[in-house]
Amino acid sequence: MALPSSSSSKQAGAGVITCKAAVAWAAGEALVIEEVQVNPPQPMEIRIKVVCTSLCRSDITAWLSQAPMFPRIFGHEASGIVESVGQGVTEFEEGDHVLTLFTGECMRCRHCTSGKSNICQVLGLERQGLMHSDHKTRFSIKGKSVYHYCAVSSFSEYTVVHSGCAVKISSSAPLEKICLLSCGVAAGLGAAWKVANVSEGSTVVIFGLGTVGLSVVQGAKLRGASQIIGVDTNPEKNEKAKAFGVTYLLNPNDYNEPIAQVIKRMTDGGADFAFECIGDTGMITTALQSCCDGWGLTVTLGVPKVKPEITAHYGLLLTGRTLTGSLLGGWKPKSDLPSLVNMYLNQEIKIDEYITHNMAFEDINEAFELMREGKCLRCVIHM
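Residues numbered from 1 in each chain as written. Predicted model: local features only at pLDDT ≥ 70, side-chain atom pairs only at ≥ 80, totals over all residues. Heavy atoms only, no water.

A closer look at the nonpolar core
Part 1 of the reasoning: Within the largest apolar cluster, 87 residues are counted, with the highest numbers of intra-cluster contacts made by Phe 155, Ile 178, Leu 181, Val 198, Ile 206 and Phe 275.
Part 2 of the reasoning: Counting residues per element, this core draws most heavily on helix α4 (residues 184-195), which supplies 6 residues.
Part 3 of the reasoning: Contacts of Ile 206, omitting those with residues within four sequence positions, involve Gly 213, Val 216, Val 217, Ile 228, Ile 229, Gly 230, Val 231, Phe 275 and Cys 277.
Part 4 of the reasoning: Counting 14 residues, the second largest nonpolar core, distinct from the first, contains Ile 48, Cys 106, Val 161 and Ala 166. (Core = buried A, V, L, I, M, F, W, Y, C linked by side-chain atoms within 4.5 Å. Buried < 20%, exposed > 50% of the residue type's maximum accessible area, 1.4 Å probe, protein only. Helix = DSSP H or I, 4+ residues; strand = E, 2+ residues; numbered from the N terminus. Contact = heavy atoms within 4.5 Å.)

Put into structure tokens, the structure is as follows:
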């Protein structure tokens, strides 16, 4: 697959920047800190000085993928400061503090104006490793173009994004904390609040107690759920899970019967809400089975590592259960994320507690290993 060449034109006052980036040259191989050239922002784009970026499980999944998109700069959960703006950009100026957005919001397409969806038709998930606007790249190494990731690529000291793929936030928000709201924490809170609309006194079960799963826990607790059951095979997560509000912890390896049967017995026939936060399509069936007849709702948030197809017995749906997906918790990113930042600043939601490691940029491969081994929640990389 031939990679389109990097865009070469320059905007007034903004030239090519040479900086460090962690480049993936092949699937599963250690990232290499390289000097890369970052082109100036094109029309309706901004260039950002990345301050902090946290490692998300989907970065790992894509890094291990054999898709022919290398060399590539991963990273999408980040905070930074606008360094320069392209032609036509009016909502940002140099010095603004921003969060990057792996799925954007154009505010004009059918989905953005519907009030029913956050799946922008113009700036939705970018899967080709290129910019939305001209399907080219803004990164190169010695003239060789480098693929983007989710149109963000935050494992670089500087990056270029479409202006619809960033949101301005309060300059008083600590960038080394708030970066988690550009993906994981926001995704979990939104799944509980916007997608499922968890109600007071309800029963909730969460499969997978990583950052996203624990964010669902936090959201469910704040909504007043009476019973929050966490399911995970890693006992090292128990302490954190209880601190966030899990009332019962289940390890499927401890039982000689399907975990769905255990949950149905604990919840008098099934939970009101189930959340699949692992990225295992087989677990979606288990989540559906754990819900009650009539109104049980299963929300899937995880990105599958293998086997993206879902298989479930039709009877689970015929009896009134519902299965739905959730991208970034249903939030319209530019419209809604600033309110979450304000909630954090007002101490209404937790973020700091998800950060288990703060690491230097040069140690990014160590962060990858920690996540692969299940020894961290969020590693924040300080650029």
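More follows now that the structure is in view.
Overview of the packing of aromatic side chains
Part 1 of the reasoning: Throughout the structure, instances matching the rule amount to 6 aromatic pairs.
Part 2 of the reasoning: Here the aromatic rings of Phe 70 and Phe 74 are separated by 6.4 Å at their centres, their planes lie at 65 degrees, and the arrangement is edge-to-face.
Part 3 of the reasoning: A relative accessible area of 1% places Phe 74 in the buried class.
Part 4 of the reasoning: Taking the ring centre of Phe 244 as reference, the NZ or CZ of Lys 350 above it sits at 5.3 Å. (Phe/Tyr/Trp six-rings, centres within 6.5 Å; stacked < 30°, edge-to-face > 60°. Lys NZ or Arg CZ within 6 Å of the ring centre and 35° of its normal.)

Considering the confidence of the model for the chain
Part 1 of the reasoning: For the chain, the mean per-residue pLDDT works out to 94, and 97% of the residues sit at or above 70.
Part 2 of the reasoning: Here residues 5-13 is modelled with pLDDT under 50, and outside its nearest four sequence neighbours on either side it reaches 26 contacts, counting other chains as well. (pLDDT = per-residue confidence, 0-100.)

Concerning the packing of α4 against helix α5 (residues 211-222)
Part 1 of the reasoning: It is at 7 Å that the axes of α4 and α5 come closest, and there the two elements cross at 40 degrees. On the basis of the axis angle, α4 is oblique to α5. For the element pair α4 and α5, the recorded crossing hand is right-handed. For the pair α4 and α5, the contacting residues are Gly 184, Val 185, Gly 188, Leu 189, Ala 191, Ala 192 and Trp 193 in the first and Thr 211, Val 212, Ser 215, Val 216, Gln 218, Gly 219, Ala 220 and Leu 222 in the second. (Axes fitted to C-alpha atoms, helices over the stretch in contact; angles between N-to-C directions. Parallel < 35°, antiparallel > 145°, perpendicular 65-115°, else oblique. Left-handed = near helix turned anticlockwise from the far one by under 90°.)

Notes on the pattern of salt bridges
Side-chain pairs of opposite charge can arise whenever the charged atoms involved come near each other.
Part 1 of the reasoning: Taken as a whole and judged by the stated rule, the model has 12 salt bridges.
Part 2 of the reasoning: Linking Asp 352 and Lys 177 is a salt bridge whose minimum nitrogen-to-oxygen distance equals 3.7 Å. Residue Asp 352 is found in the loop between α10 (333-345) and β16 (355-360), and its partner Lys 177 is found in helix α3 (residues 175-178); the two are separated by 175 residues along the sequence.
Part 3 of the reasoning: Residue classification places Asp 352 among the partly exposed residues on the basis of a relative accessible area of 31%.
Part 4 of the reasoning: A relative accessible area of 23% places Lys 177 in the partly exposed class.
Part 5 of the reasoning: The residue Asp 293 makes a salt bridge to Arg 321 at a minimum N-O spacing of 2.9 Å. Separated by 28 residues along the polypeptide, Asp 293 in the loop between α8 (281-290) and β14 (297-300) and Arg 321 in the loop between α9 (314-318) and β15 (322-325) bring together distant segments of the chain.
Part 6 of the reasoning: Classification of Asp 293 as partly exposed rests on a relative accessible area of 43%. (Salt bridge = Lys/Arg side-chain N within 4 Å of Asp/Glu carboxyl O.)

Some details on the packing of α4 against α10
Part 1 of the reasoning: Their axes nearest at 12 Å, the elements α4 and α10 cross at an angle of 100 degrees. For the element pair α4 / α10, the angle class is roughly perpendicular. Two secondary-structure elements touch here, α4 through Ala 186, Trp 193 and Lys 194 and α10 through Asp 336, Leu 337, Leu 340 and Met 343.
Part 2 of the reasoning: Classifying every residue of the contact of α4 with α10 gives 5 nonpolar, no polar and 2 charged. (Nonpolar A, V, L, I, M, F, W, Y, C, P; charged D, E, K, R; others polar.)

Some details on the pairing of strand β17 (residues 378-382)
Part 1 of the reasoning: Counting buried residues in β17 gives 4 out of 5 residues, a clear majority hidden from the surface.
Part 2 of the reasoning: Bridge count for strand β3 (residues 45-54) against β17 is 3 bridges, and the pairing is antiparallel. What sits directly across from Ser 54, in β17, is Val 380.
Part 3 of the reasoning: Relative to β17, β16 is paired through 5 bridges, and the arrangement is parallel. Pairing of Ala 360 across the sheet is with His 382, part of β17.
Part 4 of the reasoning: Where the polypeptide runs from β16 across helix α11 (residues 364-372) and back to β17, its parallel neighbour, the crossover connection is right-handed. (Pairing = 2+ DSSP bridges. Right-handed = clockwise from strand over helix to strand, strands pointing away.)

As for the sheet that holds strand β7 (residues 144-146)
Part 1 of the reasoning: Ordered in space as β1-β2-β6-β7, the 4 strands form an open sheet in which the pairing is antiparallel. Only two strands of the sheet have a single neighbouring strand rather than two, namely β1 (17-23) and β7. Strand-to-strand twist in this sheet, taken as the mean axis angle between neighbours without regard to direction, amounts to 45 degrees.

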